[in-house]
Amino acid sequence: MRIHAISVGLSQMLVLRQEPLHATQSAIRKRPVSTLATPIEVELSALGLNTDEQSDLSVHGGLDKALYAYPIEHWSRWEQALALEPRAGLFGENLSIEGLLEEEVYLGDQWRIGQALLQITEPRIPCDKFCAVLQRPQAAKTMVALGACGWYLRVIQAAPLAAGMEIEVLPGPRQERVSEAFAFKARKIR
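Described below are features of the structure shown in this document. It should be emphasised that the depicted structure is a prediction, and the values quoted were computed from it without experimental measurement.

A few words on the packing of aromatic side chains. The description of an aromatic ring pair rests on the distance of the ring centres and on the angle between the ring planes. The full count for this structure, using the stated rule, is 7 aromatic pairs. Measuring from centroid to centroid gives 5.4 Å for Tyr-68 and Tyr-152, while their planes differ by 40°, and the two rings are tilted. Taken together, the residues Tyr-68 in strand E7 (residues 67-71) and Tyr-152 in strand E11 (residues 151-157) connect sequence positions 84 residues apart. Taking the relative accessible area as the measure of exposure, Tyr-68 reaches 1% and is therefore buried. Within the aromatic cluster, the residues linked to one another by ring pairs are Tyr-68, Tyr-70, Trp-78, Phe-91, Phe-130 and Tyr-152. For Arg-187, the ring lying beneath its charged end belongs to Phe-184, and the centroid distance is 4.0 Å.

Attention shifts here to the nonpolar core. Within the largest apolar cluster, 54 residues are counted, with the highest numbers of intra-cluster contacts made by Trp-78, Leu-95, Trp-111 and Trp-151. In this structure, Leu-95 is in contact with Ile-3, Ala-5, Ile-6, Leu-67, Tyr-68, Ala-69, Tyr-70, Leu-118, Leu-153 and Leu-161, ignoring residues within four places of it in sequence.

Basis of the calculations
- Residues numbered from 1 in each chain as written.
- Predicted model: local features only at pLDDT ≥ 70, side-chain atom pairs only at ≥ 80, totals over all residues.
- Heavy atoms only, no water.
- Phe/Tyr/Trp six-rings, centres within 6.5 Å; stacked < 30°, edge-to-face > 60°.
- Helix = DSSP H or I, 4+ residues; strand = E, 2+ residues; numbered from the N terminus.
- Buried < 20%, exposed > 50% of the residue type's maximum accessible area, 1.4 Å probe, protein only.
- Lys NZ or Arg CZ within 6 Å of the ring centre and 35° of its normal.
- Core = buried A, V, L, I, M, F, W, Y, C linked by side-chain atoms within 4.5 Å.
- Contact = heavy atoms within 4.5 Å.

Printed below as a string of structure tokens:
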């Protein structure tokens with residue numbers, strides 16, 4: 001279990017619909033700044049990664065959603081479902097991770113990554129921005145069908161992160177898996 005890549009993004013206009021034109025500010029477009037090939041350390045604070053912006057704090061950002069993690073194991077499923085060419089940051093994630101899936105992680109679990117300590121807070125629920133950035137109107141429904149949501153993390157102890165760093169899972173209360181919380185919250189999207 002490790003970080004495959006770290007991605008950040010700046011707030012910019014995102015067209016949600018062409019007719020009639022509807023756009024909004026979003027930082028969902030992320031680009032990798034630390035990869036396995038170039039494992040550069042990225043500074044982390046209680047509110048997330050330095051140089052990463054959030055435009056709408058109701059859906060990403062703040063203390064409880066400082067980071068968004070997404071398993072790279074889902075990439076092949078997206079290739080098959082929507083003919084996408086996945087890459088780090090494409091789904092708006094900060095941490096592209098290897099070795100953990102929604103069925104295996106629980107709300108409240110903590111991760112020790114180097115000197116950093118993170119805690120899983122909730123699953124990501126897809127929205128119109130997710131569909132717009134992927135340029136697939138059915139992307140939210142596909143995420144629900146695949147159960148491939150990823151999850152948000154709170155920063156308990158800030159320290160630099162880099163691609164390649166191992167994730168040590170410190171079990172929390174183990175009452176609800178991310179997959180279970182996602183199935184409950186996403187039932188309106190089906």
